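Topology and contacts: notes
Chain by chain, the residues:
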Amino acid sequence: MNISYNVYSDTVKDDDGTDLVYFRFTYPYIDNPNNRIGITAINDYYETQLDHFVNTVIPEGKKAALDAKKTAAEAGFDFYGLAYEREASIYYNDNQLLSVLNIGYENTGGAHPLSYWSSETFDVNTGRALTLSDIFGLSKEKTLEKVYETVISQIEESKDKDNYYFQNYEENVKNYYSERDFIFGPEGIVFYYQHYAIAPYAAGIQTFELTYDKAGELAIDILPLKSNDHEREVYL
């Protein structure tokens, strides 16, 4: 599939010309010369997300920036503009499967900017977003057990060199995982945990890969990709 990226960006200014807040939203667009239903559904999905960003995030961000500017002026501090960004990356595009990682970034004047991940994996034929249960062909409970087993075993294997996990990481692994927090990589399914879920902010977003050859029998066929077919691998 031929995929490009559409970019929406805008800088909102106050009446006095001050830059209040910067917005940027990047999303994939799939060429669809044959009007395939599945591709149309995927493109519509991201257009809907853009609409939400424009109609919800932007007005809320502008209000937050005006409030922050007023507070800074009253306290005698300098005001620095806020920022809300989301960057999309294609991590898997083969065998009529598409996996997209969205990296969000918000700088709202706190101790440090906030970054977070979200993702979607689509069956391109139908345009339907797949869950892990769809992929493993198991109930949600059994699917999550497989995720927890993978993550906990990898943490335990790496504890000697990666000792930054919270002491109650086993509990956190189970309490702070969303079934949507995964992507297909070139060699395996990657599960990820947001900042603060199982480790301090400085440790970054934690990722755990279950390689396709160790995933067992799956409900759908996922073919490993050659590394040179997958330019985004370096970011994981």
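Before going into details, it helps to say that this report is about the structure given with it. Remember, predicted model here, so these are calculated numbers, not experimental data.

**A word on the environment of E187**
- Among the secondary structure elements, E187 is positioned in the loop between β7 (182-184) and β8 (188-193).
- Sequence separation between E187 and P224 is 37 residues, and the spatial gap between their C-alpha atoms is 5.0 Å.
- With near-sequence residues (within four places) excluded, E187 lies in contact with E209, T211 and Y212.

**Some points on the sheet that holds strand β3 (residues 82-94)**
- Taken in spatial order, the six strands line up as β1-β2-β3-β4-β5-β6 in an open sheet, and their pairing is mixed. For this open sheet the edge positions go to β1 (3-13) and β6 (128-129), each flanked by a neighbour on one side alone.
- On the sheet, helix α1 (residues 37-75) packs against β1, β2 (19-30), β3, β4 (97-107) and β5 (114-123) and is oriented at approximately 175° with respect to β2.

**Notes on the side chain of T121**
- Mapped onto the elements of the fold, T121 is located in strand β5.
- Looking at T121, its side chain comes within polar contact range of the side chain of S99, at 2.8 Å.

**A word on the packing of aromatic side chains**
- Using the criterion set out here, one finds 17 aromatic pairs in the structure.
- An angle of 75° between the planes, with centres 5.4 Å apart, marks the rings of Y45 and F122 as edge-to-face. With Y45 in helix α1 and F122 in strand β5, the pair connects residues that are 77 residues apart, well separated along the chain.
- Y45 sits in the partly exposed class, given a relative accessible area of 26%.
- Overall, F122 belongs to the buried group, its relative accessible area being 1%.
- Taking the centre distance of 6.4 Å and the plane angle of 90° together, the rings of Y177 and F191 count as edge-to-face. Note that Y177 is positioned in the loop between α4 (169-175) and β7 and F191 in strand β8, a separation of 14 residues in sequence. Here Y177 matches F191 in class, with each residue buried.
- Grouped by ring-pair contacts, the aromatic residues F23, F25, Y27, F53 and Y84 constitute a single cluster.

**Here we look at unusual backbone geometry**
- Residue N95 is not a glycine yet carries a positive backbone phi of 55°.
- Of the residues examined, N95 reaches a relative accessible area of 34% and is grouped as partly exposed.
- Unusually for a residue other than glycine, Y196 sits at a positive phi of about 75°.
- Relative accessible area serves as the criterion here: at 46%, Y196 is assigned to the partly exposed category.

**Some remarks on the pairing of β8**
- For β8, a buried count of six out of six residues is recorded, marking the element as mostly surrounded by other parts of the structure.
- As paired elements, β7 and β8 share three bridges and run antiparallel to each other. Within the sheet, the bridge partner assigned to F184 lies in β8 and is I189.
- Counted between consecutive antiparallel strands, the loop separating β7 from β8 contains three residues.
- Here β8 pairs with strand β9 (residues 206-211) via six bridges, running antiparallel. Within β9, the residue paired with Y192 across the bridge is T207.

What counts, and where the lines are drawn
- Residues numbered from 1 in each chain as written.
- Predicted model: local features only at pLDDT ≥ 70, side-chain atom pairs only at ≥ 80, totals over all residues.
- Heavy atoms only, no water.
- Helix = DSSP H or I, 4+ residues; strand = E, 2+ residues; numbered from the N terminus.
- Contact = heavy atoms within 4.5 Å.
- Pairing = 2+ DSSP bridges.
- Axes fitted to C-alpha atoms, helices over the stretch in contact; angles between N-to-C directions.
- Polar contact = N/O pair within 3.5 Å; in protein donor to acceptor, adjacent residues only side chain to side chain.
- Phe/Tyr/Trp six-rings, centres within 6.5 Å; stacked < 30°, edge-to-face > 60°.
- Buried < 20%, exposed > 50% of the residue type's maximum accessible area, 1.4 Å probe, protein only.

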